[in-house]
Amino acid sequence: LMKERLLTIVKILGVAACLYLFLVGIGGMGYSFKLFGKEFSQKILEATSSPLIGLFIGILATTIVQSSSTTTSIIIGMVAAEAIGVRSAIFMVMGANIGTTVTAKLVSLGHITRKAEFRRAFAASSVHDTFNLITVSLLYPLEYFFNILENSATWMGRIFVDVTGITKPENYLKKITAPVVEGLADLLDKIPWLVLLVSVVITFFMLW
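Because the structure is predicted, anything quoted here is derived from the model rather than measured.

The secondary structure content of the protein amounts to 9 helices and 0 strands. Mapped from its N terminus to its C terminus, the protein presents α and β elements in the order α-α-α-α-α-α-α-α-α. Each principal axis of the C-alpha distribution contributes one length, and for the protein these read about 60 × 55 × 40 Å. When each of the 208 residues of the protein is scored for burial, the buried share is 28%. The long-range fraction of contacts in the protein, counting pairs at least 24 apart against all pairs at least 6 apart in sequence, stands at 74%.

Here it is, written out as structure tokens:
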């Protein structure tokens, strides 16, 4: 019984540590974009200004890392650091949702040598694919022409900021993560691409 309690405490502490390091990873990404400078951010903004390009960036990124959560977390960090805008992020997240369908298909291919299993696995993964593709095909034109997601997301963001107290200057989360983020940057000689790479790796593993 004592061992079980100890194990539970260790697990809770482990989850807390992973959550903390995840926030450090997100903070590190934002910090790295600031190190790159405004000119770099401007180039990214220009490159992702096209909705179609944003969509394909999201698909490609998720296909590479095999995790839509990681891609979305990186996108959120980029928006927070003003490297990209909310509109560009929306199409990239749509792409991430399409890219994650590749993971399901790869899992189903693992059963390809067993005919009955493969048939069931492929059908199940196709449900996931179809749902995401239909969702994107409906929302993409609505967002492209009417900005419904950007407007509603911005509106909800304003309400959340006004209702909660966590975004005030005395933000405790930032206070407890900032020293580690800055320490990590100093450790890496404040080399922007290195800080970004390490931050992405930390974020990926903490999500995993």
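All right, on to a nonpolar patch on the surface then. Among the surface-exposed residues, L142, Y144, F145, F146 and I148 lie close enough to one another that they form a single nonpolar patch of about 530 Å² accessible area. Among the elements that make up the nonpolar patch, the one with the highest residue count is helix α6 (residues 115-146) (4 residues). Overall, the relative accessible area of 38% leaves I148 in the partly exposed class.

What follows covers the pattern of salt bridges. One pass over the full model with this rule turns up 5 salt bridges. Its salt-bridge partner being D186, residue K190 comes within 3.8 Å of it at the nearest N-O pair. Relative accessible area serves as the criterion here: at 38%, K190 is assigned to the partly exposed category.

Okay, helix α4 (residues 68-80) next. With 13 residues, α4 should cover 18 Å at 1.5 Å per step; its first-to-last C-alpha distance of 18 Å lies within 8% of that length. All of the buried residues along α4 are S68, T70, T71, S73, I74, I75, G77 and M78. Structurally, α4 contributes buried residues whose contacts are with α1 (2-36), α2 (38-47), α3 (51-65), α5 (86-109) and α9 (192-207). Where α4 terminates, the next one or two residues include E82, which has phi positive at roughly 65°.

Within the fold, F146 resides in helix α6. In this view, F146 contacts P141 and N151; residues no more than four positions away in its chain are not counted.

Before going further, it helps to examine the environment of E46. Note that E46 resides in helix α2. Between the C-alpha atoms of E46 and A185, which are 139 residues apart in sequence, the distance is 27 Å.

What follows deals with the nonpolar core. Of all hydrophobic cores here, the largest spans 11 residues; its members are M29, F33, I44, I74, I75, M78, A81, A83, I84, A89 and M92. Of all the elements in the fold, those that place two or more residues in this core are α1, α4 and α5. In terms of residues, this core owes the most to one element, α4, which gives 3 residues. Those residues in contact with A89 that sit more than four places away from it in its chain are I75, V79 and I84. Among the nonpolar cores identified, the runner-up in size contains 8 residues, and L55, I90, F91 and M94 belong to it.

Our next topic: the layout of surface pockets. Taken as a whole, the second largest pocket encloses approximately 190 Å³ of empty space. Lining the second largest pocket, in full, are I57, G58, A61, I64, V65, T70, T71, I74, I75, M78, M92 and V200. Grouping the amino acids of the lining of the second largest pocket by side-chain chemistry returns 9 nonpolar, 3 polar and no charged.

Cut-offs used in this document
- Residues numbered from 1 in each chain as written.
- Predicted model: local features only at pLDDT ≥ 70, side-chain atom pairs only at ≥ 80, totals over all residues.
- Heavy atoms only, no water.
- Helix = DSSP H or I, 4+ residues; strand = E, 2+ residues; numbered from the N terminus.
- Buried < 20%, exposed > 50% of the residue type's maximum accessible area, 1.4 Å probe, protein only.
- Contact = heavy atoms within 4.5 Å.
- Patch = residues over 30% accessible without salt bridge, like charges linked within 9 Å, V, L, I, M, F, W, Y side chains within 5 Å.
- Areas by Shrake-Rupley, 256 points an atom, 1.4 Å probe, with all protein chains shown as cover.
- Salt bridge = Lys/Arg side-chain N within 4 Å of Asp/Glu carboxyl O.
- Expected span 1.5 Å × (residues − 1).
- Core = buried A, V, L, I, M, F, W, Y, C linked by side-chain atoms within 4.5 Å.
- 1 Å grid on protein atoms, 1.4 Å probe; cavity = no way out; pocket = protein on both sides within 12 Å on 5 of 7 lines; lining within 4 Å.
- Points joined across faces, edges and corners; volume = space filled by probe spheres on them.
- Nonpolar A, V, L, I, M, F, W, Y, C, P; charged D, E, K, R; others polar.

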